[in-house]
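Reading the structure
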Amino acid sequence: MVSVVGLLLLLLLLLPSTSYADMWHIPLSGNVYPIGHFYATMYIGEPAKPYFLDIDTGSSLTWIECDAGSGSCERCNKVPHPLYRPTPDKLVPCASPLCNALHQDLGTTNDCRDRPNQCDYDIAYLDGSGSRGVLLLDKLSPAANADRPSIAFGCGYDQVGPSRQQNVNVVVDGILGLGRGSIDLVSQLKQQRVITNNLFGHCFSSKGGGYLVIGMDRLPLSIPWVPMSRNTNYYSPGPATLNLDTELILTKPMEVIFDSGSTFTHLPEDLHAQLVAALKATLSQSLEEVHDDSLPEHPCWKQPGGFKSLDDLKKEFKSVMSLEFQNGATMMIPPERYLVVTVNTWNSHSTSLKEQKIG
């Protein structure tokens, strides 16, 4: 199976700083296909135990699937590690500033009348998945033998998948929340003075894996910088138009969000259909459109003899997608960055468009 993933470096400056301190340098595992996640190994609790956390710039709450202590987890997935089991002293009280910050980030109301001794939350994601749990405070760091700070994170005891699935095999134990907010990991480290620069960056390798750096001591000047909009709770350079070569696919600019927790690029259904139609018009008659069970929602093409390499792919797919932002920046997306090569059931390589439509 061949994975075709672009090299993506996203460095986000959250607050200005003139001094520098220690930083966390965290290796990443995973890929876009077939794993579907880029994740960090974090050590949580005392004694420290490892957990795989999906890095997510689209949400601020860090959480892991766990056993709440009153019996088995209500609806948990089959995660890589034994479920985290908190002790009562780790519970964050409902009236705590941390609980208020969490509900402010989630846009929900903090009601302490029923259970004042714990901070309950219910988080929902755009793909239909969600998690219900309680907020905890426990040791967390990327190394078991490090001086580990106490970080507020969620104990998720009730999970629902994107299509309302339950009790499924997953490759991560939870989410590492890096989104804009008050309860995200970077903000907590800054508040505790573990880092001085409220700055993080991540890099995904085309061969899988990568790294995450939190509290970077300097900015690499060789990388083009694009300011993030201050008018949204997400990381966004602002509105952009979508193009395929010189053809404008979308005339009205749309808001573009950088979300490392989403495996694929998501487009509105009508825009996705326009993009696929424009791409099909550029393809040769030798390509056959087929169905691939591993990516059932994606358009997929097969050529005689299969796609054996990226060079084979580039001979058939020559169109370049681009996002042109109103601030003057342009993100170029060549074919090897928007297509994924798979091995299907008839043992032949095919290629599939990675953009995923949503309703």
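These figures come from a predicted structure and were not determined experimentally. (Residues numbered from 1 in each chain as written. Predicted model: local features only at pLDDT ≥ 70, side-chain atom pairs only at ≥ 80, totals over all residues. Heavy atoms only, no water.)

It is worth spelling out the state of the cysteines at this point. Counted under the stated rule, the structure contains 3 disulfides. Here Cys-94 engages in a disulfide with Cys-112; their sulfurs sit 2.0 Å apart. Between Cys-94 and Cys-112 the sulfur-sulfur dihedral comes to about -85°; the bridge is accordingly left-handed. Highlighted residues: Cys-94 in the loop between β5 (63-65) and α1 (97-106) and Cys-112 in the loop between α1 and β6 (120-124), separated in sequence by 18 residues. Given the relative accessible area of 2%, Cys-94 is considered buried. The class for Cys-112 is partly exposed, based on a relative accessible area of 26%. The disulfide partner of Cys-99 is Cys-119, and the gap between their sulfur atoms is 2.1 Å. Its torsion about the S-S bond being 85°, the disulfide of Cys-99 and Cys-119 is classed as right-handed. Of the two residues, Cys-99 is situated in helix α1 and Cys-119 in the loop between α1 and β6; the sequence distance between them amounts to 20 residues. Here the two residues Cys-99 and Cys-119 agree in accessibility, since each one is buried. (Disulfide = S-S within 2.5 Å. Helix = DSSP H or I, 4+ residues; strand = E, 2+ residues; numbered from the N terminus. Buried < 20%, exposed > 50% of the residue type's maximum accessible area, 1.4 Å probe, protein only.)

It is worth spelling out the pattern of salt bridges at this point. Counted by the stated rule, this structure contains 10 salt bridges. The closest approach of N and O atoms between Glu-46 and Lys-90, which form a salt bridge, is 3.8 Å. A residue pair is termed long-range when its members are at least 10 positions apart, and Glu-46 in the loop between β3 (37-44) and β4 (49-56) and Lys-90 in the loop between β5 and α1 qualify at 44 residues. (Salt bridge = Lys/Arg side-chain N within 4 Å of Asp/Glu carboxyl O.)

Turning to the packing of aromatic side chains, a few remarks are in order. Within the structure shown, the criterion is met by 7 aromatic pairs. Between Tyr-51 and Tyr-84 the ring centres are 6.3 Å apart and the planes differ by 75°, which places this aromatic pair in the edge-to-face class. Of this pair, Tyr-51 sits in strand β4 while Tyr-84 sits in the loop between β5 and α1, and the two are 33 residues apart along the sequence. Assigned by exposure class, Tyr-51 and Tyr-84 land together as buried. An angle of 65° between the planes, with centres 6.0 Å apart, marks the rings of Phe-200 and Tyr-235 as edge-to-face. Here the residue Phe-200 occupies a position in strand β10 (residues 199-204), and Tyr-235 occupies one in the loop between β11 (210-214) and β12 (238-244), the gap between them amounting to 35 residues. Of the residues examined, Phe-200 reaches a relative accessible area of 0% and is grouped as buried. Overall, Tyr-235 belongs to the buried group, its relative accessible area being 1%. Cluster of aromatic residues (ring-pair linked, three or more members): Tyr-51, Tyr-84 and Phe-153. (Phe/Tyr/Trp six-rings, centres within 6.5 Å; stacked < 30°, edge-to-face > 60°.)

With that settled, the discussion passes to the UniProt feature "active site" (unreviewed entry) in the chain. Summarizing the sequence annotation, UniProt attributes the feature "active site" (unreviewed entry) to Asp-56 and Asp-259 in the numbering used throughout. Spanning 204 residues, the annotated positions come together in the fold, the maximum distance between their C-alpha atoms being 6.4 Å. One can find Asp-56 in strand β4. Take Asp-56: its relative accessible area is 5%, and that puts it in the buried class. Asp-56 has contacts with Tyr-125, Ile-175, Leu-176, Gly-177, Leu-178, Gly-179, Asp-259, Ser-260 and Gly-261, leaving out every residue within four places of it along the chain. Side-chain polar atoms of Asp-56 contact the backbone nitrogen of Gly-58, separated by 2.9 Å. Along the chain, Asp-259 falls in the loop between β14 (254-256) and β15 (266-268). With a relative accessible area of 30%, Asp-259 lands in the partly exposed category. (UniProt positions renumbered as here; feature names shortened; annotations may be inferred. Contact = heavy atoms within 4.5 Å. Polar contact = N/O pair within 3.5 Å; in protein donor to acceptor, adjacent residues only side chain to side chain.)

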